[in-house]
Every structure is written in C-alpha cells, then in structure tokens.
Amino acid sequence: MNSRILRVLIAVIVFACGGWMASSNALRAALPNKVEVDPALEVLEPRTYRLKIVIRIDAPDGVVRNALAEGPIPIEWQEQKLRLLEEKITPGARITEAMLKDQAAMLRLHVREIPKGGFASVERLYEITRFRTRFTMPPEELVFARRLTTTVRDHLTGNDPGIETKHRTMVTLARSLQKDDAAAWDTVHGIWSWTRDNVKFDRGDYRGALHALEERCGDCEEMSVLFISLCRIAGIPSRSVWVEGHSYPEFYLADKAGQGHWIPCQVLGPAWFGEMAEYRPIFQKGDGFFDPIQKKHTRYVPHTLRADGGGPEPKLTVEHQIIADSDINGPGYNNPK
C-alpha cells in the first residue's frame, strides 16, 4: 500500500546537537483506552516484539521558535497489549499525549527554540503483544444492530474522507447486494465477496471508494473504504483498522440480546472473514480525525508540524521501526491477490 497511510518520513537520525535525557516522569503505562473485552472474540497465538517511535523537528536553515509537532502512538485494544519500555527527550523539549475519540492517540512534541542546525525529538520504545483473533459466535445468532452508542453511530453516519455513501452508483450497488430477508452475516459476507471478486489490486495515491467502484481497482485503502461505504449504506456500522503499512475493515453486528460486536475481515490479502491473523501494531480504528494544528479533518491521526511564522521552514520526521526477531506476519502474508 502507499506509504502515505501514515505519512512517515524515514530518516537517519544524526545527533547534531544537545543530548538525550530521560523523561522527568516515571515511564507511563499506555494511554487509557476503554477496552471492552468481547467474549465472542477469541484472542490466540500472541507475538511480542518492540516498536520504536521517533518524532523529530530539525532546524536546518535557521532558528525555529515555538514549534509543535504531533504523530500517532499505539493504544491498547483487546487484540493489542503494550508497555512503554523507554522514553528519551532532548533537553528543553516537553511532550503531551491526547486521546482521539477512544479510537487512537497522538503524541505532541513542544519546544520553544531550536538553534540553526539543531533538532528536538522524542523517542519511545514500546513492547507490543499482538494476537490473532477469531469471532466465535454462530452467524445465525447475529442481527443488524438497532441501538447504537454515539461512538458506533459515527461509524455509520460519519462524513469521513473517501467513504462515499451518497453517490447514486454506490447506493445502487449496495441495494443490489441486499437480499430480501437475508441474514445480517450473509449480507456483510456478500458485500465482502463482491469487493474481493470485483476490485483488483492497484497501488497508488488514495482515490476513495467511488474510484475503486468505477475503475474496479485500488489498494487496501480503497478496497477497505469501498467495503465500508457499502456496509454503511446497508445500515451496518464499519470502520478501517490502520496497522503499520496496511488497513483492513471491521463491521458491527449485534447478537439477539442486543450486545454489539466488532468483527474483522480482510478485503486485500488472505480470505479472512470473522478472523484476523494480523500482527503489525494498530495505530487507529476509524476514518476521520480533526487535526488541531492544520484545523482540518484527516483520514488518519495527524502527522503535522507548526512553528511561529516568518522564520525558516523546519523539517518534521516521524519514524516507526518494528524490532522483531523474525517476520511478525510470516512469509507471503500480505501478497496482493
């Protein structure tokens, strides 16, 4: 998929100025996320590795003042546990953390002044434990969800970039895939099958769900948002799960007692429906976030930088590095079909 998914610029870190200092606070646990454990979602076969995250501001051409940079950090989910092992911050810098709608989190780096040729940065080392998941409830026990929380409703009615639910062509297809009296599970499975069977892999810049439908091509982002758009038109909440270098969708159905369940599937890659053997770190679940620096909505947790105007342009680097003893997904895992 296009590396733009996380807008990550990989750079060689040259320690050009200052030194590192440990965070003045004791190492913190992960940001609190209201992890709801779904007993119908079985977690299996854990794999543990380390993830290094670097957010760095460089001042190559002159003094930079009052700089603020931000980038994504992982939070806990039922299928993802994490522990902060180490944190290093350059002198004079400080950091804050922010939760985004219980769907993601970001780390902000603040610095008052960076001399010409210098930099400010924060480096974190996490221990990540990821699980394979399998939804175990019998399909016949599932129905369309009628009572939705505000958060879940956002994944049905949200105006997220590239998720196009109003276009006539999209609506016509979604209606054609809804069979009279079809069970909820079968309806979603039909949308999933149509997406996999009719859209071929094509790597490129993000073009949205309508492009994938009309051109019958797209990468994992387009295929995911096409599936999500069709599900939402059918009244089924759905969202993207963003992992390092990939995205896949989850859909929301309820059981006959009214309890809701988020269920994973894979639209590009292995034919997983109701299960997921994805081990790369999760950075967000959702498709629309507000960037307070740029003051606009984006598809993913912002990677942005702001500094006082009138001076030289600083450079932002956000680096994610997975440190594992072996391939965390195994050979041939994510080959496009």
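Above this text is the structure in question.
Values in this document were obtained by computation on a predicted structure and should not be read as measured data.

Draft legend 1. Structural context of the nonpolar core. Leu-226, Phe-227, Phe-251 and Leu-253 are the most contacted members of the largest nonpolar core, which has 40 residues in total. Of all elements in the fold, only helix H2 (168–177), helix H3 (184–198), helix H4 (208–215), helix H5 (220–233) and strand S12 (246–255) reach the threshold of two or more residues within this core. With nine residues, H5 is the largest single contributor of residues to this core. Not counting residues within four places of it along the chain, the set of residues in contact with Leu-253 comprises Leu-142, Val-143, Phe-144, Ala-184, Trp-185, Val-188, Ile-236, Gln-259, Gly-260, His-261 and Ile-263. With 39 residues, the next largest nonpolar core counts Ala-69, Ile-73, Ile-75 and Ile-114 among its residues.

Draft legend 2. Fine view of the pattern of salt bridges. Summed over all chains, the structure comprises 17 salt bridges. In this structure, Glu-45 engages Arg-132 in a salt bridge whose closest nitrogen and oxygen atoms are separated by 3.2 Å. Taken together, the positions of Glu-45 in strand S2 (residues 41–58) and Arg-132 in strand S7 (residues 119–135) put the pair 87 residues apart, joining distant regions of the chain. Classification of Glu-45 as partly exposed rests on a relative accessible area of 49%.

Draft legend 3. Local environment of the packing of H3 against H5. Between H3 and H5, the shortest axis-to-axis distance is 10 Å and the interhelical angle comes to 145°. H3 and H5 meet at a crossing whose hand is right-handed. Across the interface between the two elements, Val-188, Ile-191, Trp-192, Trp-194, Thr-195 and Arg-196 of H3 pack against Met-223, Leu-226, Phe-227, Leu-230 and Cys-231 of H5. Taken together, the residues of the contact of H3 with H5 sort by class into nine nonpolar, one polar and one charged.

Draft legend 4. Broad picture of the pairing of strand S13 (residues 260–264). Most of S13 is tucked away: five of the five residues are buried. Burial of the side chains of S13 extends over both faces: Gly-260, Trp-262 and Pro-264 are buried on one face and His-261 and Ile-263 on the other. In this structure, S12 lies alongside S13, joined through five bridges in antiparallel fashion. Bridging across to S13, Phe-251 finds its partner in Ile-263.

Draft legend 5. Focus on helix H1 (residues 150–157). What H1 keeps buried is the set Val-152, His-155 and Leu-156. Projected onto a plane normal to the axis of H1, the buried residues spread over an arc of 105° and lie on a single side. Exposed side of H1, more than 90 degrees from the buried face: Thr-150 and Thr-157 are the residues found there.

Draft legend 6. View of the environment of Gly-118. Locating Gly-118 in the fold gives a position in the loop between strand S6 (104–114) and S7. Taking the C-alpha atoms as reference points, Gly-118 and Pro-60, 58 residues apart in sequence, are found 7.0 Å from one another.

Cut-offs and rules
Residues numbered from 1 in each chain as written. Predicted model: local features only at pLDDT ≥ 70, side-chain atom pairs only at ≥ 80, totals over all residues. Heavy atoms only, no water. Core = buried A, V, L, I, M, F, W, Y, C linked by side-chain atoms within 4.5 Å. Buried < 20%, exposed > 50% of the residue type's maximum accessible area, 1.4 Å probe, protein only. Helix = DSSP H or I, 4+ residues; strand = E, 2+ residues; numbered from the N terminus. Contact = heavy atoms within 4.5 Å. Salt bridge = Lys/Arg side-chain N within 4 Å of Asp/Glu carboxyl O. Axes fitted to C-alpha atoms, helices over the stretch in contact; angles between N-to-C directions. Left-handed = near helix turned anticlockwise from the far one by under 90°. Nonpolar A, V, L, I, M, F, W, Y, C, P; charged D, E, K, R; others polar. Pairing = 2+ DSSP bridges. Arc of directions from axis to C-beta.

The values are spatial; any link to function lies outside them.
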